[in-house]
Amino acid sequence: MADKVRKTATEALNGVLRDGMTIMAGGFGLCGIPENLIAAIREAGVKDLTVVSNNCGIDDFGLGILLAGGQIKKMISSYVGENKLFEKLYLSGELELEFNPQGTLAERIRAGGAGIPAFFTKTGVGTLVAEGKEVREFEGELYVMERGLKADLSIVKAWKGDAEGNLVYRKTARNFNPMMATAGAVTVAEVEQLVEIGQLEPDHIATPGIFVDHILQGAVYEKRIERTTTRLREAAQQAEHV
Amino acid sequence: MAWTREDMAARAARELKDGFYVNLGIGIPTLVANYIPEGMQVTLQSENGMLGMGPFPYEGEADPDLINAGKQTITELDSSSYFSSADSFAMIRGGHINLSILGGMQVAENGDLANWMVPGKMVKGMGGAMDLVAGVKRVVVVMEHSEKSGAPKLLKRCNLPLTGAGVVDLLITDLGVFEIGGGAVRLTELATGATLDEVKAKTEADFAVAL
């Protein structure tokens, strides 16, 4: 069996990174992002990256640190509202941006990893998103053709994993990670706990190891929260502390 | 004095039915969760991958792995489930969600909705809104009736880029409730304190009155 386990994020990315490559990065907001692998890409300094990710982190965390390092040429995302640097770079023309509806983005990645070059969806018909794309009628309704999406490298984050590359996610930190794991020519997974073979319940594995080339246990997990919202114990009243 | 944000959320909550699976957008739609009638079972879907959203956590119990689509920390219920973004949008696009309640910038009399970009300004992105309006069975929009400048938002045609074409079924504003369908708009309820003359003065779209 090929040994997939790597000691560090830097070691896992050794020989994989190059300027101009396309990288998929899992996560929704700051939830379920591969924070150790992002930091290693920051350190490696590769440039002109096209990054496929639902969001682009915040100014000083997540993919935001690659923006700050001037490493990203283009983003393919559904929502980038949390990032001020993003706005500045985009408005000054230093950053290209392709918006995909969130479900279309998820399905493009799923399709890319599943060997499906294109599919038809109702989402975006009659909007800017459908411009320049084939629109076809099925059973009396219009659908727009969207292309499957693949990447040179996918970086994903899971809760637990084993040496086979099997991954188990936790709560809403799953999000885009399972599809992205299938769509990378090379997929690197970081996990909070790298466990012995046999310790994962096979029924609970969301990403089978066949999709994962390298796996590492992250050195540190900050797991920053974007918006902590809580309620008071005394009352049912809800309060928000941003 | 017309309806407040809370009044609009409470009115939107009357669109809920027992057993519904519902997706609530950011802003006023989020408040609808506070008005689910006692004894009614409504399951809230969060498009980042959760069915059965619970309330905000108690202080000190926030879990970074558990957020809603607005990136707020939330909690799970005994009945909750988690899934990938692809599965989440299979629910949405596949017509399995009964009701989507979301905000709007403009609504047109043909049911067009614009709520994701203003050309020339920073565009944050459409997130899941385009998928929701395309795939969910019933779409309810909750928005202020007029812009801060006083410009109308219920129009003959939207002049902002669309989120979806012909997708809105019901519009709730601070002035009233409008049913939209078949290319026509019907005013079915006036907000407390609003008058028909006021609605007419602040609306560009043609509408029938069915109070």
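Scroll up for the structure.
Everything numeric in this text was worked out from a predicted model, so none of it was measured. (Residues numbered from 1 in each chain as written. Chains lettered and ligands numbered in written order. Predicted model: local features only at pLDDT ≥ 70, side-chain atom pairs only at ≥ 80, totals over all residues. Heavy atoms only, no water.)

Quick word on the interface of chain A and chain B
And then number 1: Taken together, the contact pairs 54 residues of chain A with 48 residues of chain B.
And then number 2: For the pair chain A and chain B, the summed buried surface comes to about 4500 Å²; carbon and sulfur atoms form 59% of the total.
And then number 3: Broken down residue by residue, the surface that chain A buries against chain B is led by K171(A), T172(A) and R231(A), which jointly contribute 16%.
And then number 4: In this assembly, chain A and chain B are joined by five salt bridges.
And then number 5: Note that R233(A) is salt-bridged to E61(B), the shortest N-O span being 2.6 Å.
And then number 6: Here chain A and chain B share 25 residue pairs in polar contact (both at pLDDT 80 or more) between them.
And then number 7: Counting only elements with at least two residues in the side of chain A that touches chain B, the list comes to α4 (84-91), α5 (102-113), α6 (177-183), β12 (228-231) and β13 (238-241) of chain A. (Contact = heavy atoms within 4.5 Å. Buried area = accessible area lost by both parts, 1.4 Å probe. Salt bridge = Lys/Arg side-chain N within 4 Å of Asp/Glu carboxyl O. Polar contact = N/O pair within 3.5 Å; in protein donor to acceptor, adjacent residues only side chain to side chain. Helix = DSSP H or I, 4+ residues; strand = E, 2+ residues; numbered from the N terminus.)

Quick look at the packing of α5(A) against helix α3 (residues 85-93) of chain B
How two helices sit against one another is set out by the angle between their axes and by the gap between those axes.
And then number 1: Relative to each other, α5(A) and α3(B) sit at 125 degrees, their axes nearing to 9 Å. In terms of their interaxial angle, α5(A) and α3(B) are classed as oblique. In the crossing of α5(A) with α3(B), the sense of the turn from one axis to the other is left-handed. On α3(B), the residues that touch Q102(A), G103(A), T104(A), A106(A), E107(A) and R110(A) of α5(A) are S85(B), A86(B), F89(B) and R93(B).
And then number 2: Its residues placed into classes, the contact of α5(A) with α3(B) shows three nonpolar, four polar and three charged. (Axes fitted to C-alpha atoms, helices over the stretch in contact; angles between N-to-C directions. Parallel < 35°, antiparallel > 145°, perpendicular 65-115°, else oblique. Left-handed = near helix turned anticlockwise from the far one by under 90°. Nonpolar A, V, L, I, M, F, W, Y, C, P; charged D, E, K, R; others polar.)

Some details on the pairing of strand β1 (residues 22-25) of chain A
And then number 1: Every second residue of β1(A) is oriented toward a common face, with T22(A) and M24(A) on one face and I23(A) and A25(A) on the other, all of them buried.
And then number 2: On the question of chirality, the crossover connecting β1(A) to the parallel strand β2 (residues 49-52) of chain A by way of helix α2 (residues 35-44) of chain A is right-handed. (Buried < 20%, exposed > 50% of the residue type's maximum accessible area, 1.4 Å probe, protein only. Right-handed = clockwise from strand over helix to strand, strands pointing away.)

Topic: the sheet that holds strand β7 (residues 113-114) of chain B
Strands belonging to one sheet form pairs held by backbone hydrogen bonds; the direction of such a pair is parallel or antiparallel.
Residues and elements named next belong to chain B.
And then number 1: Spatial ordering of the open sheet is given by β7-β6-β9, a layout of three strands whose pairing is mixed. Two strands close off the open sheet at either side, each with one partner strand: β7 and β9 (154-155).
And then number 2: Summarising the sheet, strand β6 (residues 106-108) and β9 pair through two bridges and their orientation is parallel. Bridging from a neighbouring strand, V107 pairs with L154 of β9. (Pairing = 2+ DSSP bridges.)

In short, shape yes, function no, at least from these values alone.
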